[in-house]
Amino acid sequence: MSARCLGKLLKSHGNQEIFGHLLKYMQRAGEFTLFVDLGLSLAHYEESLKEQRMCIRFSYVVVLFLISISCTHLDKGGPMGLEEKDSYLWLEEVEGKKALDWVRTQNKRSAKQLESDPNFKKYYDKASKLYTDKDKLAFGSFRGDYIYNFWQDTEHVRGQWRRAKISDYVNSTPNWELILSFDHLAKSEKENWVFKGVSCLPSDHNRCLLSLSRGGKDAVVIREFDISTKAFVPDGFQLEEAKGRIQWINKDLVTVSTDFGKDSLSDAGYPRIVKSWRRGTPLSEAKQFFKSGKTHFTPYLWYLEDKDLLLLFDIETFSAQKTYVVDYKKDWSLKEIPIPKNVLIDNVFKSKIIVKLLIDWRVQNETFKEGSVVEFSLKDFVKTYKLPKVRTLFNPEKHQSYQSINVSKDAVYISLLNDVKGEIIKFTLKDNNWSKEKVNLPHSGSTYVLSSDRKTNHVTFVYEGFQTPETVYYSGNNGPDLRIIRQQKSYFDIKGMTVNQFFAVSKDGTKIPYFVVGNQDKVDGKNRTYMTGYGGFLISSKPYYNKSMGKLWLEEGGLFVVANIRGGNEYGPDWHKQALKGNRFKSYEDFEAVTLDLFKRKITSPEYLGIYGGSNGGLLMGAAYTMFPQHYGAIICTVPLLDMLRFHKLLAGASWMSEYGDPDIPAEREYLRKISPYHNVKAERVYPKIFISTSTKDDRVHPGHARKMAAKIEELGYAYLYYENIDGGHAGSANLNEFAHTDGQKFTFLSQQLKSREASKVK
């Protein structure tokens, strides 16, 4: 066995407890070449010679045997968290010349196959018209006397930031005041700016912190903007590109988290240090007051202006955090709110802290159910820093699940799902007693609070469904004057179409809901069907109005299916937990169960069925491709996770180990390898053609996942297409033109791969 092999082991595996004794034996044997190979110093070698030189020959043989076994595991993906042999690691070099040359070759090949098809122009033109339509609804957020809106159309593909008086918006056609054009900004600064959000000073909403992304990345540049002058503030608060954040406290004081250099980022690449920063001082003089753990996700701060209170959330994982009150007026010390990590603060209403429970919580001789929402007095906590009386606000019924909480001046609104259909309940507080009532909205689709203002009772709600465009409802008086103020026009003809909800039965007996949308008159298994799912991170797949899919697919006779598989939040935290880590396969069994139920009902059949998913849904597509490829005629896999043995080492992947598991733990690595699509593409199998796409600018899910999967499929000789948009970030596209291009490719691919009752007609 060569010393190089041991060196590889030592370098690839940080556990010196396991391998330290091997080095010790080799030192005593006088293996000088070993030290040279490992890059160890001669001084270290000479020091080892001072030790006892006697080496028991048997021990030396044992060492060689152990190394041999370990090196065999190294190549075959054995235990101890060691790296698999991977001939495509070079594709993980995001901007590497060799990798980008490969990408350009793939893009050229895929564009030729898709964009030369007459259907592509038809789909692209239709999608472009939909995305840039000037008659679409203008949504917005309440701030002070104005509603603020981000708008994109034909002339403004990057978008405009604008505002209008609330009174005009709710009662008439608003007169929009332009604040900033991102198209003009991008042109003048010669940057591919993508607007990523804004945070305005609560006191007057005039000073704002704009987040600007180059090409759609999660990493942003933050710059202070003055609405009154419609200009960036000279020498104002500003951060260079990073996954950073600035939180207002007052005009001259903020908290800041960003890349401060060595040891300032978490394993997932997000800031772990928070500092206080005063206007007029350089960032280098900002004072640190908190540092989260290296393995934590990131800290997040929230200033409650009406309470003059600063909260800090140390987010360890997506479902676990600690929360502190920060004494920013005195010494920036922290007082932890004594609640379990899986009891998450969601909002604050008047003097109440509102929290959601991801676990059963036993406290004060009472057990509060997982999935419920409870409250306790923030005012009382700040007085004593002890947990006050905890009370139930919302307790879900069997088929209900909490989705989000919004507050106005005098009410709390909880959006929930009831068998994956939306409802909103309004809670009001009088004499410390809660009363509740349902908001009078339709209940057959999705409902949510679009915007609310904790200083007033301005609230807008949205209802939408698979066939129903978004309708905006407004209340300015806590509910009684609820009325429709905006209604999106229909973008596709729904004549003859229906929406049905069915339930499939998964392998373990769990009932899995799913929706089928479109003209379902014919049940002969010959309906061209487009199916999607997600199943992860407590994210629910709800009914929604997809105008592009409706126009480009449903209107041409196709069906659309949404599978509500486990891993999401359709039925509360337990629905998510049932598919965590080693049980992730249940999400895939659920997806297959829905697929088989479609066949059983003769809604469709394999040669007519195409599936689509992105991000975690892209992992689902990869799993479907490798586990049960016989069920599908086409697969579209976008911005996906696919290498589940290296995901934790790529960009933000380390933050997802609470969801999937840790590949460096042998037992978890074992089940991750079983579901890792990249490691389960096999020779001599029959796979449907797959279209894999991603973005070079995706700094959340590494483009290496998609690249390596495509390269491996190519190596094995299977049919595939690969396309990588240079811009777009995790959204895959950076502007309206790119979204239309993506849709054109997607539906052209489906039309090429799936059988139809008759040849696709160009309208």
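Residues numbered from 1 in each chain as written. Predicted model: local features only at pLDDT ≥ 70, side-chain atom pairs only at ≥ 80, totals over all residues. Heavy atoms only, no water.

Considerations on unusual backbone geometry
Then, number 1: Here D308, not a glycine, exhibits a phi torsion of approximately 50°, which is positive.
Then, number 2: Since its relative accessible area comes to 28%, D308 is described here as partly exposed.
Then, number 3: The residue D431 is not glycine, and still its phi comes out positive at about 55°.
Then, number 4: Tracing the backbone shows D431 in the loop between β26 (422-430) and β27 (433-438). (Buried < 20%, exposed > 50% of the residue type's maximum accessible area, 1.4 Å probe, protein only. Helix = DSSP H or I, 4+ residues; strand = E, 2+ residues; numbered from the N terminus.)

Describing the environment of K217
Then, number 1: Here K217 shows up in the loop between β6 (207-214) and β7 (220-226).
Then, number 2: The exposure class of K217 is buried, given its relative accessible area of 17%.
Then, number 3: Put simply, K217 and E241 are 24 residues apart on the chain and 9.8 Å apart in space, counted from C-alpha to C-alpha.
Then, number 4: Apart from the residues within four sequence positions on either side, K217 is in contact with K196, E241, K697, D699 and G729. (Contact = heavy atoms within 4.5 Å.)

Brief notes about the side chain of R163
Then, number 1: Structurally, R163 is set in strand β3 (residues 160-165).
Then, number 2: Among residues more than four places away in sequence, those in contact with R163 are Y146, I147, Y148, N175, W176, E177, I179 and I227.

Focus on empty space enclosed by the protein
Then, number 1: Throughout the structure, instances matching the rule amount to three cavities of 30 Å³ or more.
Then, number 2: Approximately 40 Å³ is the volume attributed to the second largest cavity.
Then, number 3: Residues belonging to the lining of the second largest cavity are distributed by class as follows: six nonpolar, three polar and one charged. (1 Å grid on protein atoms, 1.4 Å probe; cavity = no way out; pocket = protein on both sides within 12 Å on 5 of 7 lines; lining within 4 Å. Points joined across faces, edges and corners; volume = space filled by probe spheres on them. Nonpolar A, V, L, I, M, F, W, Y, C, P; charged D, E, K, R; others polar.)

Notes on the state of the cysteines
Then, number 1: Tallying each qualifying case throughout the model produces one disulfide.
Then, number 2: What pairs with C200 in a disulfide is C208, and their sulfur atoms sit 2.1 Å apart. On the sign convention where negative means left-handed, the S-S torsion of about 100° between C200 and C208 marks this disulfide as right-handed. (Disulfide = S-S within 2.5 Å.)

Description of the environment of N583
Then, number 1: On the secondary structure map, N583 appears in the loop between α12 (573-577) and α13 (585-600).
Then, number 2: Judged by its relative accessible area of 32%, N583 is partly exposed.
Then, number 3: A sequence separation of 17 residues divides N583 from R566, and the C-alpha atoms of the two residues are 10.0 Å apart.

Let's talk about the packing of aromatic side chains
Then, number 1: Enumeration over the complete set of coordinates arrives at 45 aromatic pairs.
Then, number 2: Their ring planes at 45° and their centres at 6.2 Å tell us that Y300 and F313 sit as a pair that is tilted. On the criterion of sequence distance, the pair formed by Y300 in strand β14 (residues 298-304) and F313 in strand β15 (residues 309-317) is long-range, its members being 13 residues apart.
Then, number 3: Consider the rings of W553 and F747, whose centres lie 6.1 Å apart with planes at 35°: the pair is tilted. Remark: F747 occurs in helix α18 (residues 736-753) and W553 occurs in the loop between α11 (547-552) and β35 (559-563); sequence separation between them is 194 residues. You'll find W553 and F747 in the same group, each marked buried.
Then, number 4: Through a chain of ring-to-ring contacts, three or more aromatic side chains come together here, namely Y123, F466, F515, Y530, Y544, W553, F560, Y612 and F747.
Then, number 5: When the ring centre of W151 is taken as origin, the NZ or CZ atom of K136, which lies over that ring, is 5.3 Å away. (Phe/Tyr/Trp six-rings, centres within 6.5 Å; stacked < 30°, edge-to-face > 60°. Lys NZ or Arg CZ within 6 Å of the ring centre and 35° of its normal.)

So, the confidence of the model for the protein chain
Then, number 1: Here the protein chain averages 89 in pLDDT, while 87% of its residues score no lower than 70.
Then, number 2: Of the regions scoring below 50 in pLDDT, residues 1-82 engages in 86 contacts with residues more than four places distant in sequence or in other chains.
Then, number 3: Predicted confidence for residues 759-763 stays below pLDDT 50, and this span has 11 contacts to residues more than four positions away or in other chains. (pLDDT = per-residue confidence, 0-100.)

Re the sheet that holds strand β36 (residues 609-614)
Paired through backbone hydrogen bonds, the strands of a sheet run either parallel or antiparallel to each other.
Then, number 1: On the basis of which strands lie adjacent, the open sheet formed by eight strands has the order β32-β33-β35-β34-β36-β37-β38-β39 and mixed pairing. Each having just a single partner strand, β32 (498-505) and β39 (720-725) make up the two edges of the open sheet. Direction aside, the axes of adjacent strands within the sheet are offset by 20° on average.
Then, number 2: Of the pairings in the sheet, the one linking β32 to strand β33 (residues 511-518) comprises eight bridges and is antiparallel in character. What sits directly across from F502, in β33, is Y514. (Pairing = 2+ DSSP bridges. Axes fitted to C-alpha atoms, helices over the stretch in contact; angles between N-to-C directions.)

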